[in-house]
Amino acid sequence: QVQLVESGGGLVQAGGSLRLSCTASGSIFRINVMGWYRQAPGKQREAVAVVTSGGSTNYADSVKDRFTISRDNAKNTVYLQMNSLKPEDTAVYFCNAVIKSGSVGVGSYWGQGTQVTVSS
């Protein structure tokens, strides 16, 4: 069984910074893509940033030059450094990972979500 556990959300003023972390645990053989998604009230979940096992990254236009995704493969952890936060960044942020596990093959796993609130 594979689990993703997120941390680091909270309340911050506009212009501030937060760092999210997400660690995968369980029967893991290999982690492929890891990423962060977010869902604001009344809106669909959207991709924020993804990083491959080789370190290639991709960002949503709305967060380019403000957010940085990184991963520590030895710790099975992905990070999202969020700078210059705006009220429109307010959402529940979810971690996602495509993982080859020892028991069920390749699957897409989600964390429980962490709330990020940016006040104006």
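As a reminder, the structure under discussion sits directly above these lines.
In this text, all values refer to a predicted model and were calculated from it rather than measured experimentally. (Residues numbered from 1 in each chain as written. Predicted model: local features only at pLDDT ≥ 70, side-chain atom pairs only at ≥ 80, totals over all residues. Heavy atoms only, no water.)

**Student:** Explanation requested: the overall build of the protein in the structure shown.
**Tutor:** Within the protein one finds 0 helices and 11 strands. The N-to-C order of helical and strand elements in the protein reads β-β-β-β-β-β-β-β-β-β-β. Since a compact globule built from 120 residues should have a radius of gyration of about 14 Å, the 14 Å found for the protein is in line with a globular shape. For the protein, the spread of C-alpha atoms along the three principal axes comes to 45 × 25 × 20 Å. Here the protein holds 120 residues, and the buried ones make up 38% of them. When contacts within the protein are restricted to residue pairs at least 6 apart in sequence, those whose partners lie at least 24 apart make up 55%. Roughly 6,200 Å² of accessible area belongs to the protein as shown, and the carbon and sulfur atoms make up 47% of that amount. Each charge sign in the protein was given a centre, from 11 positive and 7 negative side chains, and these centres are 7 Å apart. (Helix = DSSP H or I, 4+ residues; strand = E, 2+ residues; numbered from the N terminus. Rg over C-alpha atoms; globule rule 2.2 N^0.38 Å. Buried < 20%, exposed > 50% of the residue type's maximum accessible area, 1.4 Å probe, protein only. Contact = heavy atoms within 4.5 Å. Areas by Shrake-Rupley, 256 points an atom, 1.4 Å probe, with all protein chains shown as cover. Lys, Arg positive; Asp, Glu negative; His and termini not counted. Charge placed at Lys NZ, Arg CZ, Asp CG, Glu CD.)

**Student:** Can you walk me through the sheet that holds strand β8 (residues 77-82) in this structure?
**Tutor:** Sheet strands line up and pair through hydrogen bonds in the backbone, either parallel or antiparallel. Strand order in the open sheet formed by 4 strands is β1-β3-β8-β7, with antiparallel pairing between adjacent strands. Since the sheet does not close on itself, it has two edges, and those belong to β1 (2-7) and β7 (67-72), each with one partner. Put simply, the sheet's adjacent strands are angled 15° from each other on average, direction ignored. Where strand β3 (residues 18-26) meets β8, 6 bridges bridge the pair, whose relative direction is antiparallel. Note that in β8 the partner of Thr23 across the bridge is Thr77. (Pairing = 2+ DSSP bridges. Axes fitted to C-alpha atoms, helices over the stretch in contact; angles between N-to-C directions.)

**Student:** It is not clear to me how the environment of Val78 should be interpreted in this structure. Could you clarify?
**Tutor:** Within the secondary structure, Val78 is located in strand β8. Apart from the residues within four sequence positions on either side, Val78 is in contact with Leu20, Ser21, Cys22, Met34, Trp36, Val51, Ile69, Ser70, Arg71 and Cys95.

**Student:** What should I look at first to understand the packing of aromatic side chains in this one?
**Tutor:** Two measures describe an aromatic ring pair: the distance that separates the ring centres and the angle between the ring planes. Under the definition given, this model contains 2 aromatic pairs. Considering the side-chain rings of Tyr37 and Trp110, the 5.0 Å spacing of their centres and the 65° angle between planes classify their relative orientation as edge-to-face. Of this pair, Tyr37 sits in strand β4 (residues 28-39) while Trp110 is found in strand β10 (residues 105-110), placing the two residues 73 residues apart along the sequence. Of the residues examined, Trp110 reaches a relative accessible area of 38% and is grouped as partly exposed. Taken together, a centroid distance of 6.5 Å and an interplanar angle of 85° make the contact between Phe94 and Trp110 edge-to-face. Remark: Trp110 occurs in strand β10 and Phe94 occurs in strand β9 (residues 91-101); sequence separation between them is 16 residues. In this structure Phe94 comes out as buried when scored by relative accessible area, which is 11%. Positioned above the aromatic ring of Phe94 is the side chain of Arg45, whose terminal nitrogen or guanidinium carbon lies 3.7 Å from the ring centre. Its end group placed over the ring of Trp110, Arg45 keeps NZ or CZ at 4.6 Å from the ring centre. (Phe/Tyr/Trp six-rings, centres within 6.5 Å; stacked < 30°, edge-to-face > 60°. Lys NZ or Arg CZ within 6 Å of the ring centre and 35° of its normal.)

**Student:** Would you take a moment to explain the nonpolar core for this structure?
**Tutor:** Looking at soluble globular proteins, one finds that nonpolar side chains tend to be buried together. In this structure, Trp36, Leu80, Met82 and Tyr93 are the most contacted members of the largest nonpolar core, which totals 29 residues. Counting residues per element, the ones that place at least two in this core are β1, β3, β4, β5 (46-51), β7, β8, β9 and β11 (114-119). Element by element, the count of residues in this core is highest for β9, at 5 residues. (Core = buried A, V, L, I, M, F, W, Y, C linked by side-chain atoms within 4.5 Å.)

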